[in-house]
Every structure is written in C-alpha cells, then in structure tokens.
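What follows is the residue order along each chain.
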Amino acid sequence: MQNNSVTRRKFLIHTSKAAAAFTIIPRFVLGGSGYTAPSDQITLGFIGTGKQGRGLINGFANKAQVLAGSEVDTQKLSLFKTSTEKLYAHIKQKPSYKGFTGYADFREMLERKDIDAVVVATPDHWHAVATIMAANAGKHVYCEKPLAHSVEEGRAMVKAVGKNNIVLQTGSMQRSSNNFRLACELVRNGYVGEIKEVLVNVGKAAISCDLPPQPTPANLNWDMWLGPAQPYSYNAELSPPVEEDVFPNWRLYKEFGGGFLSDWGAHMFDIAQWALDKDHTGPVKFLPPDGKEVKVLTMLYADGVIMKHEDFGRDYGVRFNGTKGSLDVSRSFLDSKPGSIAKNNIKVNEKHLYESNDHHVDWLEAIRKNTVPVCDVETGHRTSSVCCLANIAYWLNRPLEWDPQEEKFYNDLEADKLLKAPLREPWTLI
C-alpha cells in the first residue's frame with residue numbers, strides 16, 4: 001500500500017509558469033491603493049451567500065479578507081454583507097479592511113483583479129460551472145462538497161484546475177479532523193487487519209423533483225438560481241426565504257443535488273476512500289439491492305474489498321471490518337472491537353497521512369506555499385464520483401460495471417448517459 005503523505009506534503013509546482021500562477025500578487029503591483037501587507041492576506045470572494053456560505057464565513061474571516069460575494073437572492077446577499085462587516089469590525093490586529101461589495105452576477109465579481117480566490121457555496125448543480133469559470137479567471141477555489149453533480153463535471157473541474165494552475169480544496173472537511181485521520185491511519189497500518197468490508201452509513205439516493213410551483217419572490221432571480229439546470233418552477237423548498245434560516249431541500253432532488261447519499265456520502269465515502277488508499281480510483285462494480293442475495297447497495301473494488309451503503313445502527317459514519325476486528329468512526333465516536341484497536345498510537349516509522357487541523361487554513365497555506373491541499377480536486381472528484389455512481393445504480397436498479405480509469409461503464413450506453421450533466425445554455429464546462 002503506497003504511502004502518499006510525504007509526496008503530497010512536499011509537492012511543488014516546478015515550472016516557472018505554474019509558480020507565477022500560484023503567486024499572490026501584492027496589491028501595489030495591481031495598482032490598488034491602501035496596500036497593507038505582502039502576500040500574507042489572501043483576498044476572497046464568495047459565490048453563494050446562503051446558509052452554508054454564512055457558516056463558512058466564520059471559518060475564513062480571521063484568516064483572509066472577504067471582499068465580495070455574489071448571490072441571486074438580494075436578501076441573502078444583504079444579510080451576508082452585514083454579517084461579514086460585523087465580523088471584521090471585531091477582528092483585532094487586522095489589516096485595514098476595505099469593506100464588502102455584493103454582486104448579483106458572480107461573473108462580474110470574477111473580473112476583479114484584487115480577489116485572489118473564491119469560495120463556491122452554491123447548490124450542487126452550480127459547482128462545476130462556477131469553479132471552472134473561477135479557475136479560468138485565475139482564482140483559487142474552495143468548493144463545497146460534493147465537488148461535482150456528475151462524473152463529467154468532476155473531470156472537467158480537474159482539467160480546469162490543472163490548465164490554470166490554481167489550488168482547489170474540496171469542502172470534505174473531515175479530512176482535517178484528528179479522529180478521521182487516525183482511523184484511516186489505523187486502517188492503512190494494518191491494525192484492523194486485512195480489510196474485507198466497509199460499511200458506510202449515510203442517507204438515501206436522490207429522487208426526481210415533484211414540488212408544486214409557487215410564486216417566485218421578488219428578491220430572487222430564479223432563472224439565475226437555476227443557471228445550468230433545466231427549467232423548473234420555483235418552490236420554497238429549493239430556495240427558502242432567508243428568515244427561515246434552514247438548509248434548503250434542493251439537495252434531495254437529482255436535478256439539483258444527489259440526495260443525502262451524495263450530501264453525506266461526500267463526507268463518509270470520502271473517508272472510506274482515504275483509508276483504503278483509493279483517492280485516484282473507485283469501485284469497479286455496483287450491485288443495487290435485489291431483495292435476494294444483495295440486501296443493500298454493494299460496491300466492489302478491483303482488489304476484492306467490498307463497500308456497502310448500509311445503516312449499521314449508529315450515526316452517519318463508517319465501519320471497517322477486517323481480519324483483526326472492526327473500527328467505527330463518525331463525528332461523535334472512534335471506537336473498535338476489540339477496544340484496543342482504536343487506542344493505538346501511530347508510530348513514527350509507520351504510515352502517516354497528510355495532517356491538517358484546519359480545513360480552511362490548509363487551503364490558504366496551500367495557495368501560499370504552492371502545495372496540494374488535503375482534499376484536492378482529484379480527490380474530491382473521485383469521492384463525488386462514488387456518490388454519483390451509487391445514485392445511478394439505484395436509479396437503474398441493476399448491476400453496473402465501472403472502469404475507473406476510462407471513467408465509463410462497460411457496454412452500457414444508458415448508464416453512460418447519466419454520467420453527463422444536461423447543461424442549459426449558455427453555461428458550459430469549458
């Protein structure tokens with residue numbers, strides 16, 4: 001089993017072209033006034049300022065300068081602006097803060113030369129288009145999970161990041177958690193023995209949207225909310241009013257999200273892939289439940305490891321079953337049978353994974369140091385691919401064989417069509 005941690009931490013872009021692209025340019029070079037410091041204060045813009053965006057601002061405000069945000073709902077943008085400026089009013093020892101500018105169209109924000117990077121906190125169906133346009137504008141990207149809404153979109157995002165030499169961090173922040181990292185290191189170092197089976201407990205697959213039409217609020221640009229998605233009537237479940245302060249239910253519907261299978265799978269399948277050293281591949285077979293031998297969605301890797309979408313009676317989490325016992329991990333527990341497995345400390349000479357204790361700082365430091373962050377674009381793509389493929393297996397309700405290198409199904413044109421996103425003009429993945 002390959003140990004990637006050392007190479008990932010020390011990975012540098014060697015060409016002068018790449019080095020130039022990664023440089024945070026001081027403001028005086030760009031001709032801006034009020035220059036405060038060289039490249040220690042990365043400047044950010046937010047694409048999407050709803051509930052998730054407002055949560056993320058707390059993680060970035062004292063580590064970078066959030067200068068702008070774009071949002072299709074004027075009330076949400078106004079609240080985000082107020083919240084952001086209040087945060088900076090209370091941050092001590094900060095460079096002079098120039099204030100926040102809101103935009104109805106993120107494309108206008110991307111034209112600003114004084115913004116180094118963007119945070120994409122939109123519904124899933126916007127992730128790829130927004131990320132690719134940001135990368136093409138030379139902006140580094142923090143993109144919420146799941147990285148992509150389709151396999152095609154994820155691969156296009158990988159290509160855009162590479163072409164433009166920018167740093168992308170996927171918001172699967174459990175990779176910056178001590179418990180999850182330790183669990184994966186215990187698996188990698190054989191403390192659970194040879195892994196035979198992995199159980200991943202997350203929610204259900206995405207369903208078709210059947211919400212009734214409702215009057216569109218005057219403060220919402222619904223056509224822009226839909227963006228690359230196919231036309232659909234407004235319903236408050238998809239974009240609730242700001243005063244409700246809830247996570248919207250667009251994530252339940254295949255037109256806009258991937259169900260909780262993707263929403264939480266982007267966290268838990270991600271940990272399974274990390275522990276199994278599968279960050280550049282994926283399962284080769286998907287077997288949906290048939291009411292007979294196959295009780296739950298079952299995924300098989302080329303090396304024989306089985307991964308199941310199964311509720312094993314605890315919180316959303318992951319269970320590793322090996323020849324020496326089992327190991328369970330979630331946001332609320334890390335334990336094992338026998339109990340001694342989870343109590344081990346990883347020795348200096350054993351395999352150690354990339355250590356990040358703050359997902360936001362890890363991304364910002366990767367931008368500064370020209371390194372690969374803990375959950376880079378290829379990793380995020382491979383995890384979101386598992387989620388997308390699992391959804392497809394449920395939708396078609398028949399066994400599927402997958403080629404993770406070619407990223408297509410074997411002799412299954414119907415399934416291959418579901419790998420693509422039917423983008424509405426004028427939006428593209430270029």
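Here the structure is shown first, and the text comes after it.
Right, let's walk through the structure included here. (Residues numbered from 1 in each chain as written. Predicted model: local features only at pLDDT ≥ 70, side-chain atom pairs only at ≥ 80, totals over all residues. Heavy atoms only, no water.)

**Focus: the overall build of the chain**
Reasoning step 1: Across its full length, the chain carries 14 helices and 15 strands.
Reasoning step 2: Scored against the burial criterion, the 430 residues of the chain give a buried share of 56%.
Reasoning step 3: Carbon and sulfur atoms provide 53% of the accessible area of the chain, an area that totals close to 18600 Å². (Helix = DSSP H or I, 4+ residues; strand = E, 2+ residues; numbered from the N terminus. Buried < 20%, exposed > 50% of the residue type's maximum accessible area, 1.4 Å probe, protein only. Areas by Shrake-Rupley, 256 points an atom, 1.4 Å probe, with all protein chains shown as cover.)

**Observations concerning unusual backbone geometry**
Reasoning step 1: Of note, the bond from Lys-145 into Pro-146 is cis; its omega dihedral lies within 30 degrees of zero at -15°.
Reasoning step 2: Here Pro-146 lies in the loop between β5 (140–143) and α7 (151–164).
Reasoning step 3: Cis geometry marks the peptide bond from Lys-337 to Pro-338, where omega comes out at -5°.
Reasoning step 4: Along the chain, the position of Pro-338 falls in the loop between β13 (334–337) and α12 (359–369).

**A word on the sheet that holds strand β9 (residues 298–300)**
Reasoning step 1: Pairing within the open sheet is mixed, and its nine strands lie in the order β13-β12-β11-β7-β10-β9-β8-β14-β15. A single partner strand is all that each edge strand has here, and the edge strands are β13 and β15 (408–409).
Reasoning step 2: Where β9 and strand β10 (residues 306–309) come together, three bridges link them in antiparallel fashion. Looking at the pairing, Thr-298 lines up with Lys-308 of β10. (Pairing = 2+ DSSP bridges.)

**Regarding the nonpolar core**
Reasoning step 1: In terms of nonpolar packing, the biggest core is built from 51 residues, with Val-198, Val-200, Phe-269, Met-307, Val-318, Phe-320 and Leu-327 touching the most fellow members.
Reasoning step 2: Sort the elements by how many residues they give to this core and helix α13 (residues 377–396) lands first, with eight residues.
Reasoning step 3: Apart from residues no more than four positions distant in its own chain, Phe-269 is found in contact with Val-200, Val-202, Leu-261, Met-299, Met-307, Thr-383, Val-386 and Cys-387.
Reasoning step 4: In this structure, Val-72, Ile-132, Tyr-234 and Leu-429 belong to the second largest nonpolar core, which totals 44 residues. (Core = buried A, V, L, I, M, F, W, Y, C linked by side-chain atoms within 4.5 Å. Contact = heavy atoms within 4.5 Å.)

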